[in-house]
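The primary structure of each chain is shown beneath.
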Amino acid sequence: MKPWNNIIQLDSVSSTNSYAAELIKKENLPEGTIIIADEQSKGKGIGSNVWEAEKGKNLTFSIVLYPNFMDVSKQFMISKTIALGIQKYLSFKTRHISIKWPNDIYYTDKKIAGILIENSITGSKINHTIVGIGININQTEFFSDAPNPISLKQIVGSDFYLKDELVELKYHLAKYYNRLKYKSFKEINREYLLNLYKYKVWSDYKVQDTLFRGKITGVNDFGHLQITTPDNEVKEFDLKEIEFVF
Ligand code: BTN
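Visitor: Explain the site of the ligand here, please?
Guide: In the vicinity of the ligand there are 20 residues, among which Ser15, Gln40, Lys44, Ile46 and Lys111 approach most closely. The separation between a nitrogen atom of the ligand and a polar side-chain atom of Thr16 is 3.0 Å. Here an oxygen atom of the ligand sits 2.7 Å away from a polar atom, N or O, in the main chain of Ile46. Considered on its own, the ligand offers 420 Å² of accessible surface; in the complex 99% of this is hidden by protein. Among the cavities detected, the one that contains the ligand is the largest pocket. Where the shell around the ligand is concerned, the elements lending two or more residues are α1 (16-26), β3 (59-65), β6 (110-122) and β7 (125-135).

Dropping the structure here:
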């Protein structure tokens, strides 16, 4: 397994994902290059969301990958792989860490980490992937309208040294990415489901303002959530089509 040792440390940047995208245009970055910043002035979240992270208190970084061994139709496997790496890393710190579909990381019912994956695709191949990761580590107050943030410090009670945490996290991420390279898709899918928030648990969901009850029973290759209803019908949903009701 190749170590991901090319680390570009920045003080302040608009977004590490955007910075990585610009750098790739100019330079040949080795696979696993990490661009990490103490502060992002416009940290990007999923959709039009902003990622809130207080300067110097959290892990906010992007990794450059070249998953050209994979067909674009399997791109959700990258999300699963990265989510599992983070889930595993955090599970060494505390219990109750799960992956909330599609790829948020939760501690009980609260969000501790987010992932923003941006792929560059030509035809059916992925040229490069920028994996943006934000993990709330030492921050204890959150001011944005993000519904349910929590940090590792709020859970465990102590401060963490970010550089050491990055080393640990990198180890788990590279390990899972290696599994993806060896096309251990079945194993990754299995582990993803085992760690999925509310998997096989009857819960309430909202679709276009209508509430319904169901349980998550799978996630297909396109990353669509599969929910089985009480009358045994399996419904599939894309992101934005469905909301979890807490
Ligand atoms: C989400 O909305 O859950 C995704 C959040 C992703 C945040 C990270 S922080 C580092 C990287 N750079 C960005 O601009 N966003 C991602």
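Visitor: Even after reading the chapter, I still don't get the pattern of salt bridges, so can you show me in this structure?
Guide: One pass over the structure, following the stated rule, counts 13 salt bridges. Residues Asp221 and Lys74 are paired through a salt bridge, measuring 3.4 Å at the closest nitrogen-oxygen approach. With a gap of 147 residues between them, Asp221 in the loop between β9 (210-219) and β10 (225-228) and Lys74 in the loop between β3 and α2 (76-91) connect regions that are remote in the sequence. Taking relative accessible area as the criterion, Asp221 reaches 38% and is therefore assigned partly exposed. We classify Lys74 as partly exposed; its relative accessible area is 25%. Where salt bridges share partners, they join Lys93, Glu165 and Glu168 into one cluster.

Visitor: Sorry if this is basic, but what is going on with the pairing of strand β4 (residues 97-100) here?
Guide: Where a strand is regular, its side chains alternate between the two sheet faces. Alternating residues of β4 divide into Ile97 and Ile99 and Ser98 and Lys100, and every residue in both groups is buried. In this structure, β4 lies alongside strand β5 (residues 104-107), joined through four bridges in antiparallel fashion. Residue pairing in the sheet places Ile97 in a bridge with Tyr107 of β5.

Visitor: Even after reading the chapter, I still don't get the sheet that holds β9, so can you show me in this structure?
Guide: Spatial strand order, β11-β10-β9-β8-β12: five strands in an open sheet with antiparallel pairing. In the strand order of this sheet, the two ends are held by β11 (234-237) and β12 (243-244), each with one partner. Here two bridges tie strand β8 (residues 203-207) to β12, and the two strands are oriented antiparallel to one another. By the bridge assignment, Tyr205 is partnered in β12 with Phe244.

Visitor: Looking at this structure, how should I read helix α4 (residues 162-181)?
Guide: Since the α-helix advances by 3.6 residues per turn, residues separated by three or four positions end up pointing in the same direction. End to end, α4 covers 28 Å across 20 residues, agreeing with the expected 28 Å (1.5 Å per residue, within 8%). Of all the residues in α4, the buried ones are Leu162, Glu165, Leu166, Leu169, Lys170, His172, Leu173, Ala174, Tyr176, Tyr177 and Leu180. Those residues of α4 that are buried lie in contact with β1 (7-13), β2 (33-40), β3, α2, β7 and α5 (185-194). Phi turns positive one or two residues past the end of α4, at Lys183, with a value near 55°.

Rules used throughout
- Residues numbered from 1 in each chain as written.
- Predicted model: local features only at pLDDT ≥ 70, side-chain atom pairs only at ≥ 80, totals over all residues.
- Heavy atoms only, no water.
- Near = heavy atom within 4 Å.
- Polar contact = N/O pair within 3.5 Å; in protein donor to acceptor, adjacent residues only side chain to side chain.
- Areas by Shrake-Rupley, 256 points an atom, 1.4 Å probe, with all protein chains shown as cover.
- 1 Å grid on protein atoms, 1.4 Å probe; cavity = no way out; pocket = protein on both sides within 12 Å on 5 of 7 lines; lining within 4 Å.
- Sits in = over half its atoms within 2 Å of the grid points.
- Helix = DSSP H or I, 4+ residues; strand = E, 2+ residues; numbered from the N terminus.
- Salt bridge = Lys/Arg side-chain N within 4 Å of Asp/Glu carboxyl O.
- Buried < 20%, exposed > 50% of the residue type's maximum accessible area, 1.4 Å probe, protein only.
- Pairing = 2+ DSSP bridges.
- Expected span 1.5 Å × (residues − 1).
- Contact = heavy atoms within 4.5 Å.

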